[in-house]
Amino acid sequence: MVLSFFRGGDDALENVDHEVTKMLGDCRHSLDLALSALYSDGDITQIGEEVRATDLRINGSEESVRRDLLVHTTVHGGTEVAMVLNSLLVVKKLERVGDQAKNVFDLADEGVRFTGDPDGEELAALGIEASGRLGEAATILAAEDEAGAEAFMTACVERMDDLDRRVNKLIHSDEPARHAVPRAMYYRYIKRIIANTEGAVSTLVRPLSRAEADVDE
């Protein structure tokens, strides 16, 4: 199972596990589509439709988890409050990843393209890294790999700090707005995707400590 605190014999929790796995996959799919739009020379209408449809699936998964946890709490009472709160935090963070992926697409929908730009490959690599983090998170959770989770979280925080520095550099840049603004927004969206992916993992590895202090956007 994805989450180590899920126990067998409870259909509601089995479905929560399934929905979290599905959300990770859908978040990555939506982000990959959004990134492709930033490098597309053609009509991105169909890409946008799929991004929005995937976002609806992500939202539906979050709602499904909330219902299943309500059922579980009704049956078992308040004996597993920590597990319920952690589960809710995880799906909320993943729902926000879906929102940020949609924001990346919205940049492309406004006409932003990085194709052929001197930093185009570097920008693409950042997006690919964020997508890879979603896949890595799924692998870590499935394996209940605490050591891997710690290394994962450290790498995510380092990249988040790097993206903050990039935004701050653009704030003081003399580059024209049409160059600086899309990049600042892109860096911000990628940072939030990585932050919420890291947050989903840390919520499980460090339950109700780090997770309670997190403030997501």
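Scroll up a little and you will see the structure.
In this convention, every chain numbers its residues from 1, walking through the sequence in written order. Only residues with pLDDT of at least 70 are given local features in this predicted model, and only at 80 or more are side-chain atom pairs given and counted; all residues enter the totals for whole chains, interfaces and linings. No hydrogens and no water enter the side-chain calculation; it runs on all heavy atoms of the structure.

**Student:** I keep staring at the packing of helix α4 (residues 120-143) against helix α5 (residues 146-171) and nothing clicks. Help me out?
**Tutor:** Two measures define how a pair of helices packs: the angle their axes make with one another and the distance between the axes. Lines fitted to C-alpha atoms define the axes here, with helix axes fitted over just the stretch in contact, and angles between the N-to-C directions of these axes take values from 0 to 180 degrees. A run of DSSP states H or I qualifies as a helix once it reaches four residues; a run of E qualifies as a strand once it reaches two. Both are numbered from the N-terminal end. Two elements in contact, α4 and α5, have axes separated by 11 Å at closest approach and are oriented at 155°. Judged by the angle between their axes, α4 and α5 are roughly antiparallel. Note on packing geometry: the crossing formed by α4 with α5 is left-handed. Between α4 and α5, the contacting residues are E122, L126, E129, R133, E136, A137 and I140 on the first element and G148, A149, F152, A155, C156, R159, L163 and R166 on the second. Per-class residue counts for the contact of α4 with α5 are 8 nonpolar, 1 polar and 6 charged. Put simply, angles under 35 degrees are roughly parallel, angles over 145 are roughly antiparallel, angles from 65 to 115 are roughly perpendicular, and the rest are oblique. When the near helix sits turned anticlockwise from the far one by under a right angle, the crossing is termed left-handed; a clockwise turn instead gives a right-handed crossing. Here, two residues are considered to be in contact whenever any of their heavy atoms come within 4.5 Å of each other. Lys, Arg, Asp and Glu make up the charged group, whereas Ala, Val, Leu, Ile, Met, Phe, Trp, Tyr, Cys and Pro make up the nonpolar group; the residues left over, Gly among them, are polar.

**Student:** Could you clarify how one ought to interpret the packing of α5 against helix α6 (residues 177-205) in this entry?
**Tutor:** Running from N to C, α5 and α6 point in directions that differ by 160°, and their axes come no closer than 9 Å. When the axes of α5 and α6 are compared, the pair comes out roughly antiparallel. Pair α5 / α6 crosses with left-handed handedness. Within the contact of α5 with α6, the residues separate by chemical class into 17 nonpolar, 2 polar and 8 charged.

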